[in-house]
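Summary of the model geometry
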4 protein chains.
Amino acid sequence: MSDAGHPSGTTAADTVLAGLPQTAPGLADLYRDLHAHPELSFQEHRTSGLVAERLGALGLEVITGLGRTGVVGVLANGAGPHVLLRADFDALPVTEQTGLPYASTTDGVMHACGHDMHVTCLLGALDLLAAGRDSWSGTITAVFQPAEEIGAGAQAMVDDGLFDRVGIPDVVLGQHVGPFPAGTVGCHPGPALAATDALKVTLFGKGAHGSRPEAAVDPVVMAAATVMRLQTVVSREIAGGDTAVVTVGALNAGTTDNVIPDTAELKLNIRTYTDEVRATVLAAVRRIVEGEAAAAGAPREPLIETLDTFPVLVNDAGATDRTLTAFRGRFGEERVFDPGPATGSEDCAAFGTASGAPVCYWFFGGTDPAAYEKAQKSGTVARDVPSNHSPHFAPVVEPTLTTGVTAMTTAALSWLKTR
Amino acid sequence: MSDAGHPSGTTAADTVLAGLPQTAPGLADLYRDLHAHPELSFQEHRTSGLVAERLGALGLEVITGLGRTGVVGVLANGAGPHVLLRADFDALPVTEQTGLPYASTTDGVMHACGHDMHVTCLLGALDLLAAGRDSWSGTITAVFQPAEEIGAGAQAMVDDGLFDRVGIPDVVLGQHVGPFPAGTVGCHPGPALAATDALKVTLFGKGAHGSRPEAAVDPVVMAAATVMRLQTVVSREIAGGDTAVVTVGALNAGTTDNVIPDTAELKLNIRTYTDEVRATVLAAVRRIVEGEAAAAGAPREPLIETLDTFPVLVNDAGATDRTLTAFRGRFGEERVFDPGPATGSEDCAAFGTASGAPVCYWFFGGTDPAAYEKAQKSGTVARDVPSNHSPHFAPVVEPTLTTGVTAMTTAALSWLKTR
Amino acid sequence: MSDAGHPSGTTAADTVLAGLPQTAPGLADLYRDLHAHPELSFQEHRTSGLVAERLGALGLEVITGLGRTGVVGVLANGAGPHVLLRADFDALPVTEQTGLPYASTTDGVMHACGHDMHVTCLLGALDLLAAGRDSWSGTITAVFQPAEEIGAGAQAMVDDGLFDRVGIPDVVLGQHVGPFPAGTVGCHPGPALAATDALKVTLFGKGAHGSRPEAAVDPVVMAAATVMRLQTVVSREIAGGDTAVVTVGALNAGTTDNVIPDTAELKLNIRTYTDEVRATVLAAVRRIVEGEAAAAGAPREPLIETLDTFPVLVNDAGATDRTLTAFRGRFGEERVFDPGPATGSEDCAAFGTASGAPVCYWFFGGTDPAAYEKAQKSGTVARDVPSNHSPHFAPVVEPTLTTGVTAMTTAALSWLKTR
Amino acid sequence: MSDAGHPSGTTAADTVLAGLPQTAPGLADLYRDLHAHPELSFQEHRTSGLVAERLGALGLEVITGLGRTGVVGVLANGAGPHVLLRADFDALPVTEQTGLPYASTTDGVMHACGHDMHVTCLLGALDLLAAGRDSWSGTITAVFQPAEEIGAGAQAMVDDGLFDRVGIPDVVLGQHVGPFPAGTVGCHPGPALAATDALKVTLFGKGAHGSRPEAAVDPVVMAAATVMRLQTVVSREIAGGDTAVVTVGALNAGTTDNVIPDTAELKLNIRTYTDEVRATVLAAVRRIVEGEAAAAGAPREPLIETLDTFPVLVNDAGATDRTLTAFRGRFGEERVFDPGPATGSEDCAAFGTASGAPVCYWFFGGTDPAAYEKAQKSGTVARDVPSNHSPHFAPVVEPTLTTGVTAMTTAALSWLKTR
């Protein structure tokens, strides 16, 4: 890396990042605004409009409506490598319980996964990189993706011609805020995020008056028995050394106490890292759902539908090494960690699969460091630190935001040509 | 009984009922209209308006707005006994699946309990009794009650001064359509309908991302374990000779697959006939709900709230005997049966309790007799004949309607002074 | 009833029963001896020997070895009715925990159902009746039956030619000690004791090392899921007004912690009163057992075997009326009660079915009256009064014994010809 | 390593192992004899006698009765390193179902874990090493340990003064036969075998007649609910990336169908690799067991007793590297594999902990290679290859035996001084 154009002992990244203190307060306002206005998957109209406007203001070429609500900004800055920087921007059907002054203003919808932070950090990095374009050359494609939560947005943008429009990148870089101490960054080479299968299961019973169970086939009991049996997939059918998570995130049956309903609906979320374990789990879920329906005397076989699937996200070994080296130089060894494989899933891998480019995807912490340390000492991190998708998930604005902007900028510059 | 004013060999009831064939077709239209326009408890504005209009047209004194949406019609016809005839008119939060041409036009609301038939039959009986007022003397108070399904409407009318307005009746008469062959009527002396306790149970877990159950206390699993354990109340804690029904009519937790929710909500419906069994069941439900929450490591004790309670409905021995004698005379022995104690509940008893008048409450069949007989031969009545609260519950219009009008008219005349 | 041969104002029964105070202490010794030496079904060699010896000493004609270990004593005393008096004498595989000085001396075997009391009372009654034979005429056949607990002994005696040997009786009389206040007797006309089906269910899994559940199909979990689901038969498939009891009395799987066994074994006991309910329960049990095995991925369908079956015991209306009238005269109204239908079962009905004679079968109390009253006041009778088959079941010797002898003698004399 | 005394191109190990073909048939006979005569933990009297006799015949110094039934043989062969070679020799309470001609002759006891093979292979290695003592110098302590299955034998030998008697070794070497292709050896550096906690849980209910569940607190249902809930420890409370196994290996309650028993007994086997996960699991098990008892209304808190505990077995990095290097030289790269951490447990670590010597513990395959390959192709290894503790577990005698002798001899010589 040659840094000839910079003051002695400084790097291109030092120069580019120098502007961050000035921009950070404005980014914090943007973050709070995004947080207060969450939008569900493929309905991110306000968010995508806001992003497109910002990108235009920075002087990027802007493509909108790619994959329905996706937005792309291209910053072509002379010869050099082409890096794809990615942020996702949809929210979740969760009712916020943080009590924050900038909490969601939309009932039942919340940025409970931190995508608002991803958007803010990528816009912040683009601001710095655009302002500091004299320090680097190459092309940056900034991808703001819809519908990550349902595993559909990345593929929708690819299918809508993303790479025909922007060309093939040399690397795909993405990041996610998580329940780690704010100020830290973490990346795991190899399989870093799990494959997901989301299923909707409809159990068919037979409704009747609540006082006459003998006239019914009770789908509430059928559902309860099914949920209990589904626990055995992980506890009995997966070897200790393998990994699988089977969550029933939603169970809904009936509306009132004195009517036994006709049906019950389960929504399952399944995480695995290998094809073999995935096949075992999917077969076991089907066997259990059908067996429990048979045990219940169900009048009709259950209906099992796939809601969405995410592939495993595999961090490229070389790309991860390069990014981590840059992180260690920027943040210091002590703030860079290996989180190991996470059971979360991401459709960011779709950009790598479609383009053939290596992927590097990392985490940055969002938890108040003091609170984290306290929980760690008590051994209660898992239970006391609200994690993504919790109605209590709320990154501290700083140093989370500054760290996320710094990480994305640093990673981009480790691939771009610097002067 | 003196029937001096009637043709030889006929009775006052014969005379009054003679007009039924003419009025039946119009009543059938009214029934289909009511069925198509169901309204939830205490929201029966269209229904009560329609009832008030009809009562007025029949020349009755009309009181509206008693117990919010209740309507009363008084037909004072000289000296004689005072009979209270009661119909209930609210519908249920059930999505109709009958496919009938006159099915509900309101999404998610259905006359799945037949109250539309009760209203129609009482209006039909009043029409005949008003037209035939020369055949009898006394006072008829026709009570059209809201909110029976939530056990609140009868008490609301009482609390709103019903008996201050109309005086104390000599008897309270009511009827319910049920899954018996149309054309039959049934009445059980003594405890005829169960006490109900409806409870809402909120289970508190701790939400997290669906991939991180270790960060959660999963309320879906807690709810499933609770539902399975609740089955043991009836199967293990109630003696074979006692009766209790414990139904979880609704279980709702979570909305999406990849978020473990914070809470789960159960709605329970409990039926018993004695104070001792009721106390045993309620204590067991509380013990199980709390024990399962403890087993789950719940961060907070469950919340158990009472939604509504219905007392046991006890048919007065003398009143029942008198009514049944009239029914046998009218319908013939073979069409009058003893249904035994039913696990359903009714707040009609509140009119008896508040006034001190004896109560007689009976059933009339609504199932196509041929279909009933076929199911009976196959031993599948309980499963194949849709019962009250089923989304498939649909009385055949005739002979159900004619039977209901005849039963109500006959019962009323068995108490009134006839000439 | 003519009582010409007796002192003024006394009856034949008064005369016969006058000797009871003298014989009671010896009977108490006999009872304690029998209690200390329980023998399992069809292994009652000591007991049957002892009975045969006593019968011989009383001058009865003795038949041994009928139905393997059954014993019959015949006391022919001139012209008159023929009454069959029945006692059963087998014990249970229960480890006694009463701590009584005369507790079982045989490990794992206990007279936990009170058959020792039945034997003692019948021998006591025969002693009085033989001594008082001048007061009555007719024939008494005393049947001491093996293997009641497995529902096999009565039929075995019938099949072995009982009625060919002793002729057809005019009535079959039997009694059972139970958890009622000692000193009372109770009898219910009609269906008085339930039908029983005892099933053995073998669930087939696949064993493995305890650390490798993925190599196993865990039969312990399969059994647990099956037991939980079996609770729903009673809680969901039987109408509130019907009666069924489904008990899993034994669940055995595995011997050590670190080996997942190949199989699990359940023993079920099912009680019903009607053919329809019985059919519903048996079908549901089969459906659940098979469905749960399918849900578990069992390598082989479960094996369901019938261990034994008992028919419903129906007390003949006329015979019960006659017996109850005699009891009321003897014990006073306040000591005679109607226990209602009990969920227990008895093969005593087999003697009625085979001979065509009416059956009357009653209970007599065995609980210390003071303890019973205390539990009743606390509403804890069901839980605090040890009932039959409990390892704590222990009738108080008196007034239990005296009541049982008196009841059997009184009932017999109400049928015999008295002078 | 200098091999000056051996023919050109050969090693000391070549020389020592040259005798194996001659001794193998006799060893196979010994193996079949041991297999036919399994003995439970601390009852290995025949086995220890046979071992002591063989050790004496080989000219070793023999110590018997160490740790009750343990046997030690010492082969002091001049100056040089001191290696401890360890085999365990107890069997399991499993009923053999292999159908082999040399199957267990003791009912309910089986060498289902292959300890018979361990004994045979160590005796075979000692035979070769004693015969070839000119090729090496140093001291071999051969430890034949009782009661490995209950985690007690190694510590018992240590407590009985093992290291006072034989001195401190330089390394502890042990091996285990497993469900891998015969002919292969596998070793994992670091945590190689899990910690085990074996618990006995007694659940207290209240017994009653099977027809009167209302008089009971049913421990069978309590046990079933507990087993179902225990599945959630692994499925819900342990992160996907962590490892825990919770097996209920035995559930025993009741003996007969018509008696609800007083108690139920569970035996749990728990495997973990870290103190944190272990603490989480043990706390969850206690919480669930107590919570389910509370939900059941148990009259008394459950009793949780520790049956045995095994520490994690950590293979020393340097010792493992040395042993694996020797294995690769002996067997070729393609027959040496890394099995990863196994969920099995071993008390062999106790010899390392007590002496301070590094431990190296490896597996050797026992499955017919053709059968293994077939199962692997079908993806059914986990289900179709009988694993340790299965009643079908049966290593093929060869090449299992030859591989085990070769591995133990090779490993020993890689530490001893060779000439």
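Presented here is an overview of the structure given in this document. No experiment lies behind these values; they were computed from the predicted model shown.

1. Re the environment of L129(C)
Residue and element names in this part refer to chain C. Relative to the helices and strands, L129 is located in helix 4 (residues 115-131). Looking at L129, the relative accessible area reads 0%, which means it is buried. With 283 residues separating them along the chain, L129 and A412 place their C-alpha atoms 9.0 Å apart. When neighbours within four sequence positions are excluded, L129 is seen to be in contact with V16, L75, L85, W136, I140, T409, A412 and L413.

2. Structural notes on the relation of the copies chain A and chain D
Here chain A sits on chain D after a turn of 180 degrees about the axis and a move of 0.1 Å along it, with an RMSD of 0.1 Å. Expressed as a symmetry operation, the mapping of one chain copy onto the other fits a two-fold axis. Taken together, the interface assignments show that 100% of the residues at the interface of chain A recur at the interface of chain D, consistent with an identical surface on both copies.

3. Topic: the pairing of strand 1 (residues 61-66) of chain B
Sheet analysis places strand 1 of chain B next to strand 2 (residues 70-77) of chain B, joined by five bridges and oriented antiparallel. Bridging from a neighbouring strand, E61(B) pairs with V74(B) of strand 2 of chain B.

4. Points about the relation of the copies chain B and chain A
The relation between the two copies of this chain is a rotation about an axis and a shift parallel to it. Each copy superposes on the other: chain B lies on chain A with an RMSD of 0.1 Å after a rotation of 180 degrees and an axial shift of 0.0 Å. The overlap is high: 100% of the interface residues of chain B also sit at the interface in chain A, so the same surface is used on both sides.

5. Describing the interface of chain B and chain A
It is common to report an interface's size as the accessible area lost on association of the parts. Residue-level contacts link 60 residues of chain B with 60 residues of chain A. When the two sides are added together, the surface that chain B and chain A hide from each other amounts to roughly 4800 Å², 52% of it contributed by carbon and sulfur. When the buried area of chain B at its contact with chain A is split by residue, H209(B), D257(B) and R383(B) rank highest and sum to 14% of it. There are zero salt bridges connecting chain B and chain A. Our enumeration of links across chain B and chain A arrives at 26 residue pairs in polar contact (both at pLDDT 80 or more). Secondary-structure elements contributing two or more residues to the side of chain B that touches chain A are strand 9 (208-209), helix 7 (219-237), strand 10 (244-253), strand 11 (259-260), strand 12 (263-272) and helix 12 (381-384) of chain B. A total of eight residues in the side of chain B that touches chain A trace back to one element, the largest contributor, which is strand 10 of chain B.

6. Observations regarding the sheet that holds strand 8 (residues 195-204) of chain D
Within the open sheet, the eight strands sit side by side as 13(C)-8(C)-12(C)-10(C)-10(D)-12(D)-8(D)-13(D). Their pairing is antiparallel. Every interior strand has two partners, whereas the edge strands, strand 13 (303-310) of chain C together with strand 13 (303-310) of chain D, have only one. Direction aside, neighbouring strands of the sheet carry axes that sit 25 degrees apart on average. Where strand 8 of chain D meets strand 12 (residues 263-272) of chain D, ten bridges bridge the pair, whose relative direction is antiparallel.

7. Examining the pattern of salt bridges
All names here are of chain A. For the structure shown, the criterion picks out 60 salt bridges over all chains. We note a salt bridge from D88 to R86, for which the minimum N-O separation is 3.5 Å. The burial state of D88 is the same as that of R86; both residues are buried. Between R212 and E214 there is a salt bridge, with its nearest N and O atoms 3.7 Å apart. Assessed through its relative accessible area of 22%, R212 is described here as partly exposed. The class for E214 is buried, based on a relative accessible area of 11%. Within the structure, one salt-bridge network assembled from shared partners comprises R86, D88, E346 and D347.

The rules behind each value
- Residues numbered from 1 in each chain as written.
- Chains lettered and ligands numbered in written order.
- Predicted model: local features only at pLDDT ≥ 70, side-chain atom pairs only at ≥ 80, totals over all residues.
- Heavy atoms only, no water.
- Helix = DSSP H or I, 4+ residues; strand = E, 2+ residues; numbered from the N terminus.
- Buried < 20%, exposed > 50% of the residue type's maximum accessible area, 1.4 Å probe, protein only.
- Contact = heavy atoms within 4.5 Å.
- Least-squares fit on C-alpha atoms with pLDDT ≥ 70 in both.
- Pairing = 2+ DSSP bridges.
- Buried area = accessible area lost by both parts, 1.4 Å probe.
- Salt bridge = Lys/Arg side-chain N within 4 Å of Asp/Glu carboxyl O.
- Polar contact = N/O pair within 3.5 Å; in protein donor to acceptor, adjacent residues only side chain to side chain.
- Axes fitted to C-alpha atoms, helices over the stretch in contact; angles between N-to-C directions.

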